[in-house]
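# Structure assessment
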Amino acid sequence: MNYQDRVRAHVEELRSTSDVVMRTSEIGSGPPRALSAGDVALIGTAWGDDAVEGVQDYLLSTDHIHVTWHSDDHYIYGEFALKDLRNCLSDYGLPYVDERLPPEKRELMGTELKTLEEAPGSGRLTALRVPFGAQNRELWLYDMNRERLEPLELDYQSYLENLLLMKGAPFWQYLFMDVDLCDGEFQTMVSQLDRTLEAFPILFPDHDYSRLQERYEERCSRSPVFRRHKGPWTIQS
């Protein structure tokens, strides 16, 4: 099953889950657009010819898809606006530069990053690094609210797999960044991750969240909001 059909299946899963409200479901219809010779050249130039076959199942039939949902009580929620890889690679770079960042990251933001996925209005986006005249497969997360621009320990396919598993829930990307999540600046974010990873295995029992839960425990066990006991993770009051 191609990625776009899998998104449709996850949206239907959300629709059929009690206490979940679907706000946006712009997925498009039809099979993914066939790879043209220009598409092959575009992907090959950015990532190498060996990358083309591996991304075909992740291509979309539209320029982008957009999904938004939340629980009735807004306790958990998710949103993602994902661009088709070809649209991302051929698009212009980011429309702005954050002057609060260090000089080398401002340079990177202004010249080499292109938006792949975001939650519009959140201040966060994930970008591909596309340097002129060179091949690079890095993904970077920009978080305006925390003045952060950091590389992710994920490739394109792994990113999309985790995005789908987490259904656009916020902050999961921080589990794949080289940052200290025990720092007080991340307390609110860790609390939301805790709620999400406690609720998801109950709401969506057909999916395996153990790998992400283990990663969360490894990265957040010293956080002031983390408390381990006999059962799921809970927020420390």
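## Concerning the environment of Gly-168
Turning to its location among the elements, Gly-168 is positioned in the loop between helix 6 (156–165) and helix 7 (187–203). In the structure, Gly-168 is positioned 47 residues away from Gly-121 in sequence and 14 Å away in space, judged by C-alpha atoms. Residues contacting Gly-168, with those up to four places away along its chain left out, are Gly-78, Glu-79, Phe-80 and Leu-163.

## Points about helix 1 (residues 3–15)
Taking 1.5 Å per residue as the helical rise, helix 1 with its 13 residues ought to reach 18 Å, and the 18 Å between its terminal C-alpha atoms agrees with that figure. N-capping of helix 1 is provided by Asn-2, with a side-chain oxygen placed 3.1 Å from the backbone N of Gln-4.

## Concerning the pattern of salt bridges
Opposite charge on two side chains permits them to pair, given that their charged atoms come into close proximity. On inspection of all chains with the given rule, the structure shows 20 salt bridges. When the shortest N-O distance is used, the salt bridge between Glu-161 and Arg-6 registers 2.6 Å. Separated by 155 residues along the polypeptide, Glu-161 in helix 6 and Arg-6 in helix 1 bring together distant segments of the chain. Classification of Glu-161 by relative accessible area gives partly exposed; the value is 28%. The exposure class assigned to Arg-6 is partly exposed, which follows from its relative accessible area of 23%. Note that Asp-84 is salt-bridged to Arg-86, the shortest N-O span being 2.9 Å. Owing to a relative accessible area of 0%, Asp-84 belongs among the buried residues under this scheme.

## Some remarks on the nonpolar core
In terms of nonpolar packing, the biggest core is built from 60 residues, with Tyr-3, Val-7, Trp-47, Leu-85, Leu-128 and Leu-181 touching the most fellow members. Not counting residues within four places of it along the chain, the set of residues in contact with Trp-47 comprises Val-55, Leu-85, Leu-128, Gln-135, Asn-136, Arg-137 and Tyr-156. By size, the runner-up hydrophobic cluster in this structure holds 10 residues, among which are Leu-101, Leu-108, Leu-113 and Trp-140.

## Structural notes on the packing of aromatic side chains
Using the criterion set out here, one finds 10 aromatic pairs in the structure. Judged by centre distance (5.7 Å) and plane angle (35 degrees), the rings of Tyr-3 and Tyr-58 are tilted. Here Tyr-3 is found in helix 1, whereas its partner Tyr-58 is found in the loop between helix 3 (52–55) and strand 2 (64–71), with 55 residues between them in sequence. A single burial state applies to Tyr-3 and to Tyr-58, both of which are buried. Pairing Trp-47 with Tyr-156 gives two aromatic rings, centres 5.4 Å apart and planes at 55 degrees, and the pair type is tilted. Here Trp-47 is found in helix 2 (residues 37–47), whereas its partner Tyr-156 is found in helix 6, with 109 residues between them in sequence. According to the relative accessible area criterion, Trp-47 is buried, its value standing at 5%. With a relative accessible area of 3%, Tyr-156 lands in the buried category. Here the aromatic cluster, defined as three or more aromatic residues joined through ring pairs, consists of Tyr-3, Trp-47, Tyr-58 and Tyr-156. In this structure, Lys-167 packs its charged tip against the face of Phe-204, placed 4.2 Å from the ring centre.

The rules behind each value
- Positions within a chain are numbered from 1, following the residues in the order the chain's sequence is written.
- A pLDDT threshold of at least 70 governs which residues receive local features in this predicted model, and a stricter bar of 80 or more applies before side-chain atom pairs are shown or counted, although totals over entire chains, interfaces and linings include all residues.
- Excluded from the side-chain calculation are hydrogens and water; included are all heavy atoms of the structure.
- Starting at the N terminus, helices and strands are each numbered in turn, a helix being any DSSP run of H or I of at least four residues and a strand any DSSP run of E of at least two.
- Contacts were defined at the residue level, with two residues in contact if any of their heavy atoms lie within 4.5 Å.
- Given the number of residues in a helix, its expected span is that number minus one, multiplied by 1.5 Å.
- Side-chain atoms alone can form a polar contact between residues adjacent in sequence; in general such a contact is a pair of N or O atoms within 3.5 Å, and within protein one must be able to donate a hydrogen while the other accepts it.
- Whenever a carboxyl oxygen of Asp or Glu lies within 4 Å of a side-chain nitrogen of Lys or Arg, that contact is scored as a salt bridge.
- Exposure classes here rest on a 1.4 Å probe applied to the protein chains alone. A residue is buried below 20% of its type maximum, exposed above 50%, and partly exposed in between.
- In this text, buried Ala, Val, Leu, Ile, Met, Phe, Trp, Tyr and Cys residues form a nonpolar core when linked through side-chain atoms within 4.5 Å.
- Planes of paired rings set the category: under 30 degrees apart is stacked, over 60 is edge-to-face and the rest tilted, where pairs are Phe, Tyr or Trp rings (Trp by its six-membered ring) whose centres lie within 6.5 Å.
- Any Lys NZ or Arg CZ found within 6 Å of a ring centre and within 35 degrees of that ring's normal is scored as a charge over the ring.

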